[in-house]
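# Per-entry structural report
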Amino acid sequence: MRSFTFYERVSRAFNDYPSLSKFLVVFTVSGGGLVAYAEANSTNGAPAIASSESENVKKKVVVLGTGWAGTSFLKNLNNPTYDVQVISPRNYFAFTPLLPSVTCGTVEPRSIVEPIRNIVRKQKHSDVQYCEAECFKIDAENKKIYCRSTQNGKDEFVVDFDYLIISVGARVNTFNTPGVEEHCHFLKEVEDAQRIRRTVIDCFERASLPNVSEEERKRILHFAIVGGGPTGVEFAAVLHDFVKEDLVTLYPRVKDQVKITVLEAGDHILNMFDKRITTFAEDKFGRDGIDVKTGSMVVKVSEKEISTKEMKNGQISVLPYGMAVWSTGIGTRPIIVDFMKQIGQANRRVLATDEWLRVEGCDSIYALGDCATINQRKVMEDISAIFSKADADNSGTLTVKEFREVIDDICERYPQVELYLKKKQMSDIFDLLKESKGDDTKESIELNIEEFKSALSQVDSQMKNLPATAQVASQQGVYLAKCFNRMEECEKNPEGPLRFRGTGRHRFRPFRYKHLGQFAPLGGEQTAAQLPGDWVSIGQSSQWLWYSVYTSKQVSWRNRVLVVTDWTRRFIFGRDSSRI
């Protein structure tokens, strides 16, 4: 039966799209490999910067965490003037976007992890050491961190630092909902995915016992996913495929009792995607028999029931379930909460950094990834300083020529200005000034401070926080590594924008996130892709693009080979249903 399904898929794909399908197969294998090869060469082949100081005065850099941000920083750091110490309770990097695939045996857990020692061993230009421990306290004033061994939980030690890179990620946010910690599965770590995989098989095995009642069997085989974001939707899709393509043939007695429900408090699932993708996903889930309950907020979870409140009328409903997966957002880790209290950020949700990823108030401490957010400077907070800097002749008015001298620095320092112009469909900032002044010829524009404030009064409305995604964390790690690689050079020759509240220029250009698109696998070899330029693609072609991109983004060639092998094995033999 399985062989027939496989060949039927291949035949349908090549019959419907003969040229396209062949191209996509070639693209997946060769294109992904070429991209991976290019990335590997661009990282490992970057020239090291010669040190002007002696080897015995190396600055000590401590990196907390081995997730996307910390690993990207380590892979791209090639300055030999640093002594790097990596501290993390997890001695490997995990490719988290494939965790939903691990939950159902599409990909094996060891295929998406790479030992961190393998990664640091390849850093020939830097002295990097790894220590398996957990940091439980950060002393910013004395530049020390306090750590505890993960081997026995008792051995404690102190590490000094010159620079600290905090990239510890985040924990699951339960919103203090009763019963979630005790009864729900999470999906943030490899261990979580393994537990879910075992629980799915356990549910089918228990439901197959002869002494189980019909009502109890339906409860056991009801899989509830709380959260309609990318992770929850992808898990629902891969679980549906696992059940329909593999488990129904192994458990024929219970196949009709299986039910999958997605509970979302908002009006739609995938609400961060284009509306076309949201509509397609909801329609497809409806056709597949996946029950999507929007406007349903979970208020309590017990051992066998989930209580939800309808957002429209406040009505409480109770759903029996066999397994529940909680995927609703992220929260702050305890060590970050304590650190924020220490530095006066206790009222914030996550660590606040400037545009150079430095923790506000701590020049030698950087934070990146899910544990931090960039506190973008507002234009209106600096409007007087900007005007004074631009008004070179101190005339009290700003001419077009004077404004041209600083316009690039303003757009670089305050990216919301450029976003506001795009929203208003203006070609440049002079159109904004002309609109405010009312002059017909922009060369004749001359603004005083009040008119300048009026012209830029709305630009801060375009400020947005970056999403907590692997893509953001990875780019931040690469950016910060490049800054550390050029630290000495940029101290002498700053390359950043003007300091409007000071003299000279900033050492580095601010961090700018470049969105490269996002995927939403929807099951049945169908994926929705939202790429730059408002381009939306849905279908099998997007699935092959997903295969190619995720192959190329693996951290090593070992991972790439293993992941592709797992996908091939699944196509030919199906998913493994063993409880291990």
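In the annotation of an unreviewed UniProt entry, the chain is listed under the name NADH:ubiquinone reductase (non-electrogenic) and assigned to Quercus rubra. Taken directly from UniProt, the Sequence similarities (unreviewed entry) text for the chain runs: "Belongs to the NADH dehydrogenase family."

### Some points on the overall build of the chain
Looking only at helices and strands, one finds 20 helices and 25 strands in the chain. Of all 580 residues assigned to the chain, the portion counted as buried reaches 50%. Counting only contacts in the chain whose residues sit at least 6 apart along the sequence, the fraction spanning at least 24 positions is 65%. Accessible area of the chain: about 27,700 Å², with a carbon and sulfur share of 50%.

### Here's the deal with the nonpolar core
A general feature of soluble globular proteins is that nonpolar side chains tend to end up buried together. Residues F73, F204 and F484 are the most contacted members of the largest nonpolar core, which totals 95 residues. Ranked by the residues each element gives to this core, the list is headed by helix α9 (residues 230–250), at 10 residues. Those residues within four positions of F484 in sequence are excluded, and the remaining contacts are V61, F73, L77, N79, Y82, Y163, I165 and Y366. Counting 26 residues, the second-largest nonpolar core is a separate cluster that includes A385, V406, F452 and L498.

### Thoughts on the sheet that holds strand β24 (residues 527–531)
The pairing of strands in a sheet happens through backbone hydrogen bonds and is either parallel or antiparallel. Ordered in space as β23-β24-β25, the three strands form an open sheet in which the pairing is antiparallel. Of all the strands in the sheet, just β23 (518–521) and β25 (535–539) have a single pairing partner and so form its edges. Looking at each pair of strands side by side, their axes are set apart by 10° on average, direction ignored. Taken together, the four bridges between β23 and β24 define a ladder with antiparallel strand orientation. Among the inter-strand pairings, P521 is bridged to a residue of β24, identified as T527. Contacting β24 and β25, helix α10 (residues 275–288) runs over the sheet at an angle of about 15° to β25. Across the sheet, helix α19 (residues 540–552) is in contact with β23, β24 and β25; its angle to β25 comes to roughly 105°.

### Some remarks on the packing of aromatic side chains
Under the criterion given, the structure shown has 20 aromatic pairs. Where F95 meets Y550, the ring centres are 5.5 Å apart and the plane angle is 75°; that geometry is what we call edge-to-face. Of this pair, F95 sits in the loop between β3 (92–94) and α4 (99–103) while Y550 sits in helix α19, and the two are 455 residues apart along the sequence. Side by side, F95 and Y550 carry an identical accessibility label, which is buried.

### Quick notes on the sheet that holds strand β14 (residues 305–310)
Here we have three strands laid out as an open sheet, ordered β13-β14-β15, and antiparallel in their pairing. Each edge of the open sheet carries a strand with a single partner, namely β13 (296–301) and β15 (316–320). Mean inter-strand twist for the sheet, computed between neighbouring axes without regard to direction, equals 35°. Of the strand pairs in this sheet, β13 and β14 are connected by five bridges, and their pairing is antiparallel. Each bridged residue has a counterpart across the sheet, and for M297 the counterpart in β14 is K309.

### Things to note about the UniProt feature "domain: EF-hand" (unreviewed entry) in the chain
In the numbering adopted here, UniProt assigns the feature "domain: EF-hand" (unreviewed entry) to residues 378–413. Secondary structure across residues 378–413 divides into 61% helix and 6% strand, with the first and last C-alpha atoms of the span separated by 10 Å.

### Some remarks on the packing of helix α7 (residues 190–207) against α9
Put simply, α7 and α9 touch, their axes get as near as 13 Å, and they point 45° apart. By the criterion of interaxial angle, the relationship of α7 to α9 is oblique. The two elements α7 and α9 meet at a crossing, and its hand is right-handed. Contact residues: α7 offers I196, V200, I201 and F204, while α9 offers F235, L239, F242, V243 and L247. Residues belonging to the contact of α7 with α9 are distributed by class as follows: nine nonpolar, no polar and no charged.

### Thoughts on the environment of C203
Mapped onto the elements of the fold, C203 is located in helix α7. With 19 residues separating them along the chain, C203 and H222 place their C-alpha atoms 9.0 Å apart. Ignoring sequence-local partners within four residues, the contact set of C203 consists of I220, L221, F223, G322 and M323.

### Structural notes on the pairing of strand β6 (residues 144–149)
Every second residue of β6 is oriented toward a common face, the buried set being I145, C147 and S149 and the non-buried set K144, Y146 and R148. Across six bridges, strand β5 (residues 127–139) lies against β6 in antiparallel orientation. Residue pairing across strands places D139 opposite K144, the latter belonging to β6. Between β5 and β6, which pair antiparallel in sequence order, lie four residues; one of them, K143, sits at a positive phi of approximately 55°. Where β6 and strand β7 (residues 156–160) come together, five bridges link them in antiparallel fashion.

### Here's the deal with the environment of N78
By the element assignment, N78 lies in the loop between α3 (68–76) and β2 (82–88). By relative accessible area, which is 7% here, N78 ends up buried.

### Considering the side chain of E234
Its place among the elements puts E234 in helix α9. The buried charged residue E234 lacks any salt bridge, with R575 as its nearest oppositely charged partner at 10 Å. Setting aside residues no more than four positions away along its own chain, E234 makes contact with P97, P100, S101, P521 and W546.

### A word on the pattern of salt bridges
Under the criterion given, the structure shown has 29 salt bridges. In this structure, the salt-bridge partner of R558 is E114, at a minimum N-O distance of 2.9 Å. Taken together, the positions of R558 in helix α20 (residues 557–573) and E114 in strand β4 (residues 113–115) put the pair 444 residues apart, joining distant regions of the chain. Residue classification places R558 among the partly exposed residues on the basis of a relative accessible area of 36%.

### Quick word on the environment of I145
The topology assignment puts I145 in strand β6. C-alpha separation for the pair I145 and L64, spaced 81 residues apart in sequence, amounts to 9.9 Å. Setting aside anything within four residues of it in sequence, one finds I145 in contact with V62, L64, I87, C135, K137, I138, F157, V158, V159, F161 and L164.

What counts, and where the lines are drawn
- Residues numbered from 1 in each chain as written.
- Predicted model: local features only at pLDDT ≥ 70, side-chain atom pairs only at ≥ 80, totals over all residues.
- Heavy atoms only, no water.
- UniProt positions renumbered as here; feature names shortened; annotations may be inferred.
- Helix = DSSP H or I, 4+ residues; strand = E, 2+ residues; numbered from the N terminus.
- Buried < 20%, exposed > 50% of the residue type's maximum accessible area, 1.4 Å probe, protein only.
- Contact = heavy atoms within 4.5 Å.
- Areas by Shrake-Rupley, 256 points an atom, 1.4 Å probe, with all protein chains shown as cover.
- Core = buried A, V, L, I, M, F, W, Y, C linked by side-chain atoms within 4.5 Å.
- Pairing = 2+ DSSP bridges.
- Axes fitted to C-alpha atoms, helices over the stretch in contact; angles between N-to-C directions.
- Phe/Tyr/Trp six-rings, centres within 6.5 Å; stacked < 30°, edge-to-face > 60°.
- Parallel < 35°, antiparallel > 145°, perpendicular 65-115°, else oblique.
- Left-handed = near helix turned anticlockwise from the far one by under 90°.
- Nonpolar A, V, L, I, M, F, W, Y, C, P; charged D, E, K, R; others polar.
- Lys, Arg positive; Asp, Glu negative; His and termini not counted.
- Salt bridge = Lys/Arg side-chain N within 4 Å of Asp/Glu carboxyl O.

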